[in-house]
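# Architecture at a glance
Below, each chain spelled out in residue letters.
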Amino acid sequence: IAGREIYEAQGFPITKSASLDSADIHPLTHSYTNYAKQVSKIWSSYEKPVIIGETGWDHTFYEPGMPGYLALYHNTLWVTLATGSAMSPFWWAYSGRLNDHIVSSQLTTLRKFTDQIPFARLTAVAPLEISIADGRGYAIKSNEMIFGWVVNSDTDVAGDAIQISTLKPGKYKLKLFHTWRGEFIQDKEVESPSGSLSIKLPYLHTTGSHANYVGSDMAFILEPIAPEPPKASNKMSKKRK
(Lines give C-alpha, C1' and ligand atoms only; values in the text may rest on other atoms or scores of the structure.)
Protein backbone atom coordinates (compact mmCIF):
# COMPACT_ATOMS: atom_id res chain seq x y z
CA ILE A 1 0.00 0.00 0.00
CA ALA A 2 1.33 3.43 -0.92
CA GLY A 3 1.08 5.94 1.91
CA ARG A 4 1.36 9.72 1.79
CA GLU A 5 1.65 12.40 4.45
CA ILE A 6 0.15 15.76 3.58
CA TYR A 7 0.85 18.71 5.86
CA GLU A 8 -0.01 21.60 3.63
CA ALA A 9 2.29 24.24 5.08
CA GLN A 10 5.26 21.92 4.61
CA GLY A 11 6.00 22.23 0.93
CA PHE A 12 2.54 22.05 -0.64
CA PRO A 13 0.81 24.96 -2.38
CA ILE A 14 -0.94 27.06 0.25
CA THR A 15 -2.20 30.62 0.35
CA LYS A 16 0.51 32.74 1.95
CA SER A 17 -1.08 36.16 1.46
CA ALA A 18 -2.21 38.18 4.44
CA SER A 19 -5.88 38.18 3.46
CA LEU A 20 -8.37 36.33 1.30
CA ASP A 21 -8.89 39.45 -0.80
CA SER A 22 -5.27 39.33 -1.97
CA ALA A 23 -5.08 35.55 -2.42
CA ASP A 24 -4.66 34.29 -5.97
CA ILE A 25 -6.52 31.05 -5.18
CA HIS A 26 -8.99 30.41 -2.38
CA PRO A 27 -7.30 28.51 0.49
CA LEU A 28 -9.90 25.74 0.31
CA THR A 29 -9.25 25.29 -3.41
CA HIS A 30 -5.51 25.05 -2.79
CA SER A 31 -6.27 22.46 -0.12
CA TYR A 32 -8.46 19.98 -1.96
CA THR A 33 -6.34 20.18 -5.11
CA ASN A 34 -3.29 19.25 -2.99
CA TYR A 35 -5.00 16.01 -1.96
CA ALA A 36 -6.36 15.31 -5.42
CA LYS A 37 -2.96 15.70 -7.07
CA GLN A 38 -1.14 13.52 -4.54
CA VAL A 39 -3.66 10.67 -4.58
CA SER A 40 -3.83 10.77 -8.39
CA LYS A 41 -0.02 10.82 -8.66
CA ILE A 42 0.40 7.74 -6.51
CA TRP A 43 -2.49 5.97 -8.25
CA SER A 44 -0.96 6.40 -11.69
CA SER A 45 2.72 6.05 -10.72
CA TYR A 46 2.61 3.07 -8.36
CA GLU A 47 -0.64 1.38 -9.35
CA LYS A 48 -1.30 0.37 -5.76
CA PRO A 49 -3.93 1.28 -3.16
CA VAL A 50 -3.32 4.77 -1.78
CA ILE A 51 -3.79 5.99 1.78
CA ILE A 52 -3.25 9.35 3.47
CA GLY A 53 -1.73 8.16 6.74
CA GLU A 54 -1.12 11.57 8.29
CA THR A 55 -2.59 14.97 7.61
CA GLY A 56 -4.33 17.94 9.22
CA TRP A 57 -3.69 20.46 11.94
CA ASP A 58 -1.53 22.42 12.69
CA HIS A 59 -0.20 22.84 9.17
CA THR A 60 -3.48 24.21 7.80
CA PHE A 61 -4.45 27.68 6.64
CA TYR A 62 -7.41 27.88 9.02
CA GLU A 63 -7.30 27.50 12.78
CA PRO A 64 -9.58 25.04 14.64
CA GLY A 65 -12.89 26.74 15.46
CA MET A 66 -12.94 28.76 12.25
CA PRO A 67 -15.61 27.83 9.67
CA GLY A 68 -12.84 27.32 7.12
CA TYR A 69 -11.26 24.62 9.27
CA LEU A 70 -14.45 22.57 9.20
CA ALA A 71 -14.77 23.09 5.44
CA LEU A 72 -11.13 22.06 4.92
CA TYR A 73 -11.65 18.83 6.88
CA HIS A 74 -14.94 18.16 5.07
CA ASN A 75 -13.36 18.68 1.64
CA THR A 76 -10.41 16.45 2.51
CA LEU A 77 -12.73 13.52 3.24
CA TRP A 78 -14.66 13.91 0.00
CA VAL A 79 -11.86 14.68 -2.46
CA THR A 80 -9.79 11.70 -1.35
CA LEU A 81 -12.80 9.40 -1.72
CA ALA A 82 -13.51 10.73 -5.22
CA THR A 83 -9.89 10.39 -6.37
CA GLY A 84 -9.43 6.80 -5.25
CA SER A 85 -7.97 6.76 -1.73
CA ALA A 86 -8.32 3.35 -0.09
CA MET A 87 -9.32 4.88 3.26
CA SER A 88 -10.49 8.15 4.73
CA PRO A 89 -7.47 10.31 5.66
CA PHE A 90 -6.10 10.03 9.19
CA TRP A 91 -6.50 13.54 10.58
CA TRP A 92 -3.51 13.92 12.87
CA ALA A 93 -5.26 15.87 15.61
CA TYR A 94 -7.27 15.23 18.75
CA SER A 95 -9.24 16.93 21.52
CA GLY A 96 -10.86 20.22 20.46
CA ARG A 97 -9.03 20.18 17.13
CA LEU A 98 -11.15 17.28 15.93
CA ASN A 99 -13.39 15.65 18.51
CA ASP A 100 -16.58 17.65 18.69
CA HIS A 101 -20.09 17.06 17.40
CA ILE A 102 -19.48 19.28 14.35
CA VAL A 103 -16.12 18.22 12.91
CA SER A 104 -16.03 14.51 13.71
CA SER A 105 -19.67 14.01 12.64
CA GLN A 106 -18.49 14.58 9.07
CA LEU A 107 -17.27 10.96 9.15
CA THR A 108 -20.82 9.78 9.85
CA THR A 109 -22.06 11.80 6.89
CA LEU A 110 -19.41 10.25 4.65
CA ARG A 111 -20.40 6.79 5.87
CA LYS A 112 -24.03 7.34 4.82
CA PHE A 113 -22.76 7.82 1.28
CA THR A 114 -20.16 5.03 1.17
CA ASP A 115 -22.68 2.52 2.56
CA GLN A 116 -24.22 2.63 -0.92
CA ILE A 117 -20.96 1.63 -2.64
CA PRO A 118 -20.03 -2.10 -2.67
CA PHE A 119 -16.28 -1.44 -2.86
CA ALA A 120 -15.22 -5.09 -2.65
CA ARG A 121 -17.37 -6.00 -5.65
CA LEU A 122 -16.37 -3.17 -7.99
CA THR A 123 -14.42 -4.21 -11.09
CA ALA A 124 -12.30 -2.27 -13.60
CA VAL A 125 -11.95 0.63 -11.15
CA ALA A 126 -10.30 3.77 -12.52
CA PRO A 127 -10.45 7.56 -12.22
CA LEU A 128 -12.99 9.31 -14.45
CA GLU A 129 -12.65 12.86 -15.74
CA ILE A 130 -15.71 15.02 -15.09
CA SER A 131 -16.22 18.78 -15.09
CA ILE A 132 -18.44 21.49 -13.65
CA ALA A 133 -18.58 25.17 -14.56
CA ASP A 134 -16.35 27.40 -12.39
CA GLY A 135 -15.43 24.51 -10.11
CA ARG A 136 -13.75 21.14 -10.07
CA GLY A 137 -15.03 17.60 -10.28
CA TYR A 138 -13.56 14.23 -9.36
CA ALA A 139 -14.95 10.74 -9.91
CA ILE A 140 -14.20 7.03 -9.90
CA LYS A 141 -15.73 4.68 -12.46
CA SER A 142 -16.22 0.92 -12.47
CA ASN A 143 -18.29 -1.60 -14.38
CA GLU A 144 -20.92 -1.44 -11.65
CA MET A 145 -21.22 2.30 -10.93
CA ILE A 146 -19.67 5.76 -10.96
CA PHE A 147 -19.35 7.89 -7.85
CA GLY A 148 -17.97 11.40 -7.63
CA TRP A 149 -17.77 14.80 -5.96
CA VAL A 150 -17.95 18.35 -7.33
CA VAL A 151 -16.94 21.52 -5.54
CA ASN A 152 -16.64 25.28 -5.93
CA SER A 153 -15.24 26.97 -2.84
CA ASP A 154 -15.38 30.46 -4.37
CA THR A 155 -19.17 30.42 -4.57
CA ASP A 156 -21.23 27.22 -4.71
CA VAL A 157 -22.45 24.45 -7.02
CA ALA A 158 -26.15 25.37 -6.79
CA GLY A 159 -27.79 25.20 -10.20
CA ASP A 160 -24.59 24.10 -11.94
CA ALA A 161 -24.31 21.12 -14.27
CA ILE A 162 -21.93 18.17 -14.02
CA GLN A 163 -20.60 17.08 -17.40
CA ILE A 164 -19.70 13.40 -17.80
CA SER A 165 -18.53 11.78 -21.02
CA THR A 166 -17.15 8.38 -22.11
CA LEU A 167 -20.25 6.65 -20.74
CA LYS A 168 -21.87 3.63 -22.31
CA PRO A 169 -25.10 4.72 -23.96
CA GLY A 170 -28.13 3.76 -21.93
CA LYS A 171 -30.21 4.52 -18.87
CA TYR A 172 -28.75 5.25 -15.43
CA LYS A 173 -29.99 5.66 -11.89
CA LEU A 174 -28.77 8.97 -10.48
CA LYS A 175 -28.53 9.67 -6.76
CA LEU A 176 -27.49 13.15 -5.54
CA PHE A 177 -26.08 13.44 -2.02
CA HIS A 178 -26.09 16.61 0.11
CA THR A 179 -22.69 16.27 1.79
CA TRP A 180 -23.41 18.71 4.61
CA ARG A 181 -26.86 17.44 5.47
CA GLY A 182 -25.81 13.83 5.03
CA GLU A 183 -28.80 12.90 2.91
CA PHE A 184 -29.62 11.68 -0.57
CA ILE A 185 -31.83 14.42 -1.94
CA GLN A 186 -32.55 13.15 -5.42
CA ASP A 187 -33.06 9.68 -6.88
CA LYS A 188 -34.14 9.50 -10.50
CA GLU A 189 -33.58 7.85 -13.86
CA VAL A 190 -31.50 9.63 -16.50
CA GLU A 191 -30.51 8.64 -20.00
CA SER A 192 -27.30 8.99 -22.00
CA PRO A 193 -28.16 8.19 -25.62
CA SER A 194 -24.78 9.25 -27.00
CA GLY A 195 -22.36 8.39 -24.18
CA SER A 196 -22.35 11.80 -22.49
CA LEU A 197 -24.49 13.19 -19.71
CA SER A 198 -25.25 16.57 -18.13
CA ILE A 199 -26.52 16.45 -14.55
CA LYS A 200 -28.24 19.63 -13.37
CA LEU A 201 -27.83 20.25 -9.64
CA PRO A 202 -30.68 21.81 -7.65
CA TYR A 203 -30.54 25.24 -6.01
CA LEU A 204 -32.38 24.29 -2.85
CA HIS A 205 -33.47 21.02 -1.34
CA THR A 206 -37.00 21.77 -0.16
CA THR A 207 -38.82 19.42 2.19
CA GLY A 208 -42.16 20.53 3.55
CA SER A 209 -41.61 23.99 5.02
CA HIS A 210 -37.81 23.63 5.12
CA ALA A 211 -35.41 24.82 2.43
CA ASN A 212 -31.82 23.57 2.62
CA TYR A 213 -29.16 25.41 0.66
CA VAL A 214 -27.12 23.08 -1.56
CA GLY A 215 -23.78 24.70 -0.71
CA SER A 216 -20.28 24.55 -2.16
CA ASP A 217 -20.13 20.84 -2.98
CA MET A 218 -22.19 17.77 -3.75
CA ALA A 219 -21.61 14.04 -4.27
CA PHE A 220 -23.35 11.65 -6.64
CA ILE A 221 -23.72 8.01 -7.59
CA LEU A 222 -24.55 6.87 -11.11
CA GLU A 223 -25.55 3.24 -11.72
CA PRO A 224 -26.33 1.70 -15.13
CA ILE A 225 -29.81 0.26 -15.50
CA ALA A 226 -29.89 -3.06 -17.32
CA PRO A 227 -32.07 -2.89 -20.42
CA GLU A 228 -35.36 -4.74 -20.19
CA PRO A 229 -35.43 -8.04 -22.08
CA PRO A 230 -37.59 -8.05 -25.20
CA LYS A 231 -41.20 -9.00 -24.53
CA ALA A 232 -42.35 -12.36 -25.82
CA SER A 233 -44.77 -12.20 -28.73
CA ASN A 234 -48.42 -12.78 -27.87
CA LYS A 235 -49.30 -13.88 -31.36
CA MET A 236 -50.25 -17.49 -31.62
CA SER A 237 -48.97 -19.40 -34.56
CA LYS A 238 -51.62 -20.29 -37.08
CA LYS A 239 -52.58 -23.91 -37.27
CA ARG A 240 -52.14 -25.60 -40.56
CA LYS A 241 -55.30 -26.72 -42.17
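The present account deals with the structure reproduced in this document. Bear in mind that the values here come from a model prediction, so they are computed numbers and not experimental data. (Residues numbered from 1 in each chain as written. Predicted model: local features only at pLDDT ≥ 70, side-chain atom pairs only at ≥ 80, totals over all residues. Heavy atoms only, no water.)

### Description of the pattern of salt bridges
Using the criterion set out here, one finds four salt bridges in the structure. For D187, the salt bridge goes to K173, with nearest N and O atoms at 3.8 Å. Of this pair, D187 sits in strand β9 (residues 183-192) while K173 is found in strand β8 (residues 170-178), placing the two residues 14 residues apart along the sequence. The salt bridge partner of R181 is E183, with a shortest N-O separation of 3.4 Å. For R181, a relative accessible area of 42% gives the class partly exposed. Residue classification places E183 among the partly exposed residues on the basis of a relative accessible area of 27%. (Salt bridge = Lys/Arg side-chain N within 4 Å of Asp/Glu carboxyl O. Helix = DSSP H or I, 4+ residues; strand = E, 2+ residues; numbered from the N terminus. Buried < 20%, exposed > 50% of the residue type's maximum accessible area, 1.4 Å probe, protein only.)

### Looking at empty space enclosed by the protein
Within the structure shown, the criterion is met by one cavity of 30 Å³ or more. For the largest cavity, the full set of lining residues is E8, I14, P27, S31, T60, F61 and L72. Class assignment of the residues belonging to the lining of the largest cavity gives a composition of four nonpolar, two polar and one charged. (1 Å grid on protein atoms, 1.4 Å probe; cavity = no way out; pocket = protein on both sides within 12 Å on 5 of 7 lines; lining within 4 Å. Points joined across faces, edges and corners; volume = space filled by probe spheres on them. Nonpolar A, V, L, I, M, F, W, Y, C, P; charged D, E, K, R; others polar.)

### Things to note about the packing of aromatic side chains
Enumeration according to the criterion identifies 12 aromatic pairs in this entry. Ring geometry for F119 against F147: centres 5.9 Å apart, planes inclined by 80°, an arrangement best described as edge-to-face. Of this pair, F119 sits in the loop between α3 (105-114) and β3 (126-128) while F147 sits in strand β6 (residues 146-151), and the two are 28 residues apart along the sequence. Residue classification places F119 among the partly exposed positions, given a relative accessible area of 41%. F147 sits in the buried class, given a relative accessible area of 5%. (Phe/Tyr/Trp six-rings, centres within 6.5 Å; stacked < 30°, edge-to-face > 60°.)

### Structural notes on the environment of A23
Structurally, A23 is set in the loop between β1 (2-6) and α1 (27-46). Given the relative accessible area of 19%, A23 is considered buried. Not counting residues within four places of it along the chain, the set of residues in contact with A23 comprises T15 and S17. (Contact = heavy atoms within 4.5 Å.)

### Details of the pairing of strand β7 (residues 161-164)
Examined bridge by bridge, strand β4 (residues 130-132) and β7 share three bridges and lie antiparallel to one another. Within the sheet, the bridge partner assigned to S131 lies in β7 and is Q163. Where β7 lies against strand β10 (residues 197-200), four bridges are found, and the strand directions are antiparallel. The partner of I162 across the bridge, within β10, is I199. (Pairing = 2+ DSSP bridges.)

### Thoughts on the nonpolar core
Of all hydrophobic cores here, the largest spans 40 residues; its most connected members are W78, W91, F113, F147 and W149. At the level of secondary structure, the elements contributing two or more residues to this core comprise β1, α1, β2 (50-55), α2 (67-83), α3, β5 (136-141), β6 and β13 (217-224). Among the nonpolar cores identified, the runner-up in size contains 23 residues, and I146, A158, Y172 and V190 belong to it. (Core = buried A, V, L, I, M, F, W, Y, C linked by side-chain atoms within 4.5 Å.)

### Considerations on the sheet that holds β6
In space, the six strands of this open sheet follow the order β3-β5-β6-β13-β8-β9, with antiparallel pairing throughout. The open sheet has two edge strands with one neighbour each: β3 and β9. Ignoring which end each strand starts from, the neighbouring axes of this sheet average 20° apart. The pairing of β8 with β9 spans nine bridges and is antiparallel. (Axes fitted to C-alpha atoms, helices over the stretch in contact; angles between N-to-C directions.)

### Points about the side chain of T29
Among the secondary structure elements, T29 is positioned in helix α1. Overall, the relative accessible area of 5% leaves T29 in the buried class. Not counting residues up to four positions away in its chain, the partners in contact with T29 are R136 and S153.

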